[in-house]
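Analysis of the macromolecular model
For reference, the chains in residue letters:
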Amino acid sequence: VQLQASGGGLVQAGGSLKLSCSASGLTFERYHVAWFRQYPGKEREFVALFSRYGTTYYEDPLKGRCTISRDIATNTCYLDTYSLKPEDTAVYYCAARYSDYNDLRSDGQSYDIWGQGTLVTVSS
(Lines give C-alpha, C1' and ligand atoms only; values in the text may rest on other atoms or scores of the structure.)
Protein backbone atom coordinates (compact mmCIF):
# COMPACT_ATOMS: atom_id res chain seq x y z
CA VAL A 1 0.00 0.00 0.00
CA GLN A 2 1.52 3.28 -1.08
CA LEU A 3 0.65 6.92 -1.71
CA GLN A 4 2.80 9.04 -3.99
CA ALA A 5 2.42 12.82 -3.83
CA SER A 6 3.73 15.04 -6.60
CA GLY A 7 3.23 18.38 -8.28
CA GLY A 8 4.91 20.69 -5.81
CA GLY A 9 7.31 23.38 -6.87
CA LEU A 10 8.13 27.06 -6.77
CA VAL A 11 5.36 29.50 -7.60
CA GLN A 12 4.93 33.23 -7.21
CA ALA A 13 2.38 34.66 -4.84
CA GLY A 14 -1.03 34.66 -6.49
CA GLY A 15 -0.14 31.64 -8.57
CA SER A 16 -1.57 28.13 -8.73
CA LEU A 17 -0.35 24.56 -8.40
CA LYS A 18 -2.06 21.23 -8.91
CA LEU A 19 -0.90 18.51 -6.55
CA SER A 20 -1.46 14.83 -7.26
CA CYS A 21 -1.68 11.82 -4.99
CA SER A 22 -1.39 8.50 -6.74
CA ALA A 23 -2.39 5.35 -4.84
CA SER A 24 -1.28 1.77 -5.23
CA GLY A 25 -2.51 -1.16 -3.22
CA LEU A 26 -5.74 0.59 -2.27
CA THR A 27 -8.64 2.18 -4.04
CA PHE A 28 -10.10 5.58 -3.23
CA GLU A 29 -13.52 4.02 -3.74
CA ARG A 30 -13.03 2.41 -0.33
CA TYR A 31 -10.72 4.88 1.41
CA HIS A 32 -11.09 8.46 2.54
CA VAL A 33 -8.21 10.60 1.25
CA ALA A 34 -6.98 13.89 2.67
CA TRP A 35 -4.32 16.50 2.21
CA PHE A 36 -2.30 17.94 5.05
CA ARG A 37 0.61 20.35 5.09
CA GLN A 38 3.48 21.07 7.42
CA TYR A 39 6.06 23.80 7.53
CA PRO A 40 9.28 22.98 9.40
CA GLY A 41 8.90 23.85 13.04
CA LYS A 42 5.13 24.15 12.80
CA GLU A 43 2.34 21.72 13.49
CA ARG A 44 0.77 19.71 10.73
CA GLU A 45 -2.36 21.34 9.29
CA PHE A 46 -5.35 19.72 7.70
CA VAL A 47 -6.18 21.11 4.26
CA ALA A 48 -8.98 19.10 2.62
CA LEU A 49 -10.52 15.64 2.33
CA PHE A 50 -12.48 13.63 -0.21
CA SER A 51 -14.47 10.85 1.41
CA ARG A 52 -15.01 7.49 -0.25
CA TYR A 53 -18.65 8.51 -0.67
CA GLY A 54 -17.78 11.69 -2.52
CA THR A 55 -18.11 14.23 0.29
CA THR A 56 -15.55 17.01 0.38
CA TYR A 57 -14.51 19.04 3.38
CA TYR A 58 -12.14 21.98 3.74
CA GLU A 59 -10.67 23.97 6.58
CA ASP A 60 -8.87 27.29 6.80
CA PRO A 61 -6.42 28.63 5.83
CA LEU A 62 -6.74 27.15 2.32
CA LYS A 63 -10.52 26.90 2.34
CA GLY A 64 -11.82 28.84 -0.66
CA ARG A 65 -8.42 28.69 -2.35
CA CYS A 66 -8.25 25.01 -3.16
CA THR A 67 -10.35 22.25 -4.66
CA ILE A 68 -9.96 18.55 -3.95
CA SER A 69 -11.01 16.01 -6.54
CA ARG A 70 -10.69 12.32 -7.24
CA ASP A 71 -10.25 10.21 -10.36
CA ILE A 72 -11.36 6.66 -9.66
CA ALA A 73 -10.14 5.39 -13.04
CA THR A 74 -6.55 6.35 -12.27
CA ASN A 75 -6.86 6.06 -8.48
CA THR A 76 -5.53 9.59 -8.10
CA CYS A 77 -6.55 12.43 -5.83
CA TYR A 78 -5.85 16.01 -6.82
CA LEU A 79 -5.54 19.23 -4.88
CA ASP A 80 -5.88 22.34 -7.03
CA THR A 81 -4.48 25.31 -5.18
CA TYR A 82 -4.80 28.92 -6.28
CA SER A 83 -4.26 32.47 -5.08
CA LEU A 84 -1.29 31.08 -3.20
CA LYS A 85 0.43 33.15 -0.53
CA PRO A 86 3.96 32.92 0.88
CA GLU A 87 2.49 31.50 4.09
CA ASP A 88 1.19 28.54 2.09
CA THR A 89 4.79 27.37 1.74
CA ALA A 90 4.97 23.88 3.25
CA VAL A 91 5.40 20.20 2.50
CA TYR A 92 2.04 18.89 1.39
CA TYR A 93 1.15 15.30 2.26
CA CYS A 94 -1.68 13.08 1.15
CA ALA A 95 -3.05 10.50 3.55
CA ALA A 96 -5.71 7.82 3.48
CA ARG A 97 -7.87 5.93 5.95
CA TYR A 98 -10.34 3.12 5.61
CA SER A 99 -13.84 3.53 6.94
CA ASP A 100 -17.26 2.09 6.17
CA TYR A 101 -18.79 5.35 7.34
CA ASN A 102 -18.86 8.84 5.92
CA ASP A 103 -17.06 10.18 8.98
CA LEU A 104 -15.05 13.24 8.09
CA ARG A 105 -11.85 13.38 10.11
CA SER A 106 -9.41 16.28 9.98
CA ASP A 107 -6.96 15.03 12.59
CA GLY A 108 -3.83 13.39 11.28
CA GLN A 109 -3.98 10.63 13.87
CA SER A 110 -7.02 9.19 12.14
CA TYR A 111 -5.01 8.47 8.99
CA ASP A 112 -2.70 5.48 8.85
CA ILE A 113 -1.42 5.63 5.28
CA TRP A 114 0.78 8.57 4.28
CA GLY A 115 2.62 9.66 1.18
CA GLN A 116 6.12 11.11 1.24
CA GLY A 117 5.11 14.74 0.72
CA THR A 118 5.71 17.30 -1.99
CA LEU A 119 7.23 20.71 -1.31
CA VAL A 120 5.32 23.85 -2.29
CA THR A 121 7.26 27.10 -2.12
CA VAL A 122 5.45 30.37 -2.69
CA SER A 123 7.67 33.38 -3.29
CA SER A 124 6.59 36.93 -2.54
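1. Considering the overall build of the protein chain
- Scanning the protein chain for helices and strands turns up zero helices and 11 strands.
- Taken from the N to the C terminus, the helices and strands of the protein chain come in the order β-β-β-β-β-β-β-β-β-β-β.
- For 124 residues, the compact-globule estimate of 2.2 N^0.38 gives 14 Å, and the C-alpha radius of gyration of the protein chain, at 13 Å, lies within 12% of that figure.
- The C-alpha extent of the protein chain, read off along each of the three principal axes, is 45 × 25 × 25 Å.
- The 124 residues of the protein chain split such that 45% are buried.
- Taking contacts inside the protein chain between residues at least 6 apart in sequence as the whole, the part at least 24 apart equals 59%.
- When the 12 basic and 13 acidic side-chain charges of the protein chain are each reduced to a single mean position, those positions are 1 Å apart.

2. A word on the side chain of Asn 75
- Tracing the backbone through its elements, the reader meets Asn 75 in the loop between strand E7 (66–71) and strand E8 (76–81).
- The exposure class assigned to Asn 75 is buried, which follows from its relative accessible area of 13%.
- Setting aside anything within four residues of it in sequence, one finds Asn 75 in contact with Cys 21, Ser 22, Ala 23, Leu 26, Thr 27 and Phe 28.

3. Focus: the packing of aromatic side chains
- Here the structure, examined in full by the defined rule, presents six aromatic pairs.
- Judged by centre distance (5.5 Å) and plane angle (80°), the rings of Phe 36 and Phe 46 are edge-to-face. Here Phe 36, found in strand E4 (residues 31–38), pairs with Phe 46, found in strand E5 (residues 45–50); they are 10 residues apart in sequence, far enough to count as distant.
- Residue Phe 46 is classed as buried on the basis of its relative accessible area, which comes to 7%.
- Here Phe 36 and Trp 114 contribute two aromatic rings whose centre-to-centre distance is 5.0 Å and whose plane-to-plane angle is 45°, an arrangement assigned as tilted. With Phe 36 in strand E4 and Trp 114 in strand E10 (residues 113–114), this residue pair connects regions lying 78 residues apart in the sequence.
- Through a chain of ring-to-ring contacts, three or more aromatic side chains come together here, namely Phe 36, Phe 46, Tyr 57, Tyr 93, Tyr 111 and Trp 114.
- Its guanidinium or amino end placed over the ring of Phe 36, Arg 44 lies 5.8 Å from that ring's centre, counting from NZ or CZ.
- If you follow Arg 97 out to its NZ or CZ, it ends over the ring of Tyr 111, 5.8 Å from the centre.

Here is what the cut-offs are and how they apply
Residue positions are given per chain, counted from 1 along the sequence in the order it is written. Per-residue local features of the predicted model are confined to residues with pLDDT of at least 70, and side-chain atom pairs are confined, for both listing and counting, to 80 or more; whole-chain, interface and lining totals are unaffected and use all residues. Where side-chain values are given, they derive from all heavy atoms of the structure, hydrogens and water being excluded. Under the scheme used here, helices are H or I runs from DSSP no shorter than 4 residues and strands are E runs no shorter than 2 residues, and both carry numbers assigned from the N terminus. Every radius of gyration here is taken over C-alpha atoms, with the globule rule written as 2.2 Å times N^0.38, N being the number of residues. When accessible area is computed with a 1.4 Å probe and restricted to protein chains, residues below 20% of their type maximum are described as buried, those above 50% as exposed, and intermediate ones as partly exposed. By definition, residues are in contact when any of their heavy atoms lie within 4.5 Å. Working convention for charge: Lys and Arg count positive, Asp and Glu count negative, and His plus the chain ends are omitted. By convention, the charge on Lys lies at NZ, on Arg at CZ, on Asp at CG and on Glu at CD. Any pair of Phe, Tyr and Trp rings, taking the six-membered ring for Trp, is counted once the centres come within 6.5 Å. Such a pair is stacked with planes under 30 degrees apart, edge-to-face with planes over 60 apart, and tilted for the rest. Whether a charge sits over a ring depends on NZ of Lys or CZ of Arg being within 6 Å of the ring centre and within 35 degrees of the ring normal.

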